[in-house]
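Structural overview
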Amino acid sequence: MALKLLPEDLSDVPAHLADRYETQAGRYWDLFYRRNTNKFFKDRHYLHKEFPDLAAGPATLLEVGCGVGNTVFPLLEINPALRVHCCDFAPSAIEIVRQHPLYDSNGGAVHAFVADITSDLLAAPPEQGGCGVPAGG
């Protein structure tokens, strides 16, 4: 029944649009988060069950594509000893993470930063143009 409701032409996204969406992905995600803020994706209150190491004791986590922190903050509620480095290439998403009540800009449990992991240096210190993610996390 559902297939009958779909249009006949199910072709892919035109190449010129696909290229634009790929090369300007950060811009489009930034617009998405400006419009939707933290009201689109639900918090993920189950990951500590899938990854029990994240719930027990001190650990360091790097979350790539963190959005507005829907994974970060539920994990911190379960494990306050967790240290999280999280990045997204949408500046507006990172700004929302930084406004969360559990975010502490003075060296707290969460270090949120804008980055594109395909081109930015994650492990290099900020004074060397990197993101400051510690090795071995």
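Right above here is the structure, for reference.
This write-up is about the structure you can find in this document. (Residues numbered from 1 in each chain as written. Predicted model: local features only at pLDDT ≥ 70, side-chain atom pairs only at ≥ 80, totals over all residues. Heavy atoms only, no water.)

Glancing now at the nonpolar core. The biggest cluster of nonpolar side chains holds 17 residues, and the ones touching the most others in it are Cys86, Val97 and Val110. Mapped onto this core, the elements with two or more residues apiece are helix H5 (72–78), strand S2 (82–88), helix H6 (91–99) and strand S3 (110–114). Top contributing element to this core by residue count: H5, with four residues. When neighbours within four sequence positions are excluded, Val110 is seen to be in contact with Val72, Phe73, Leu76, Val84, Cys86, Val97, Tyr103 and Asp104. (Core = buried A, V, L, I, M, F, W, Y, C linked by side-chain atoms within 4.5 Å. Buried < 20%, exposed > 50% of the residue type's maximum accessible area, 1.4 Å probe, protein only. Helix = DSSP H or I, 4+ residues; strand = E, 2+ residues; numbered from the N terminus. Contact = heavy atoms within 4.5 Å.)

So, on to the side chain of Asp30. Turning to its location among the elements, Asp30 is positioned in helix H3 (residues 25–36). Overall, Asp30 belongs to the buried group, its relative accessible area being 11%. Those residues within four positions of Asp30 in sequence are excluded, and the remaining contacts are Ala90, Pro91 and Ser92.

Time to look at the packing of H3 against H6. Closest axis-to-axis distance for the H3/H6 pair is 7 Å, and the angle between their directions is 45 degrees. One finds that H3 runs oblique with respect to H6. Across the interface between the two elements, Asp30, Tyr33 and Arg34 from H3 touch Pro91, Ser92, Ala93 and Ile96 from H6. A breakdown of the residues in the contact of H3 with H6 according to their chemical character gives four nonpolar, one polar and two charged. (Axes fitted to C-alpha atoms, helices over the stretch in contact; angles between N-to-C directions. Parallel < 35°, antiparallel > 145°, perpendicular 65-115°, else oblique. Nonpolar A, V, L, I, M, F, W, Y, C, P; charged D, E, K, R; others polar.)

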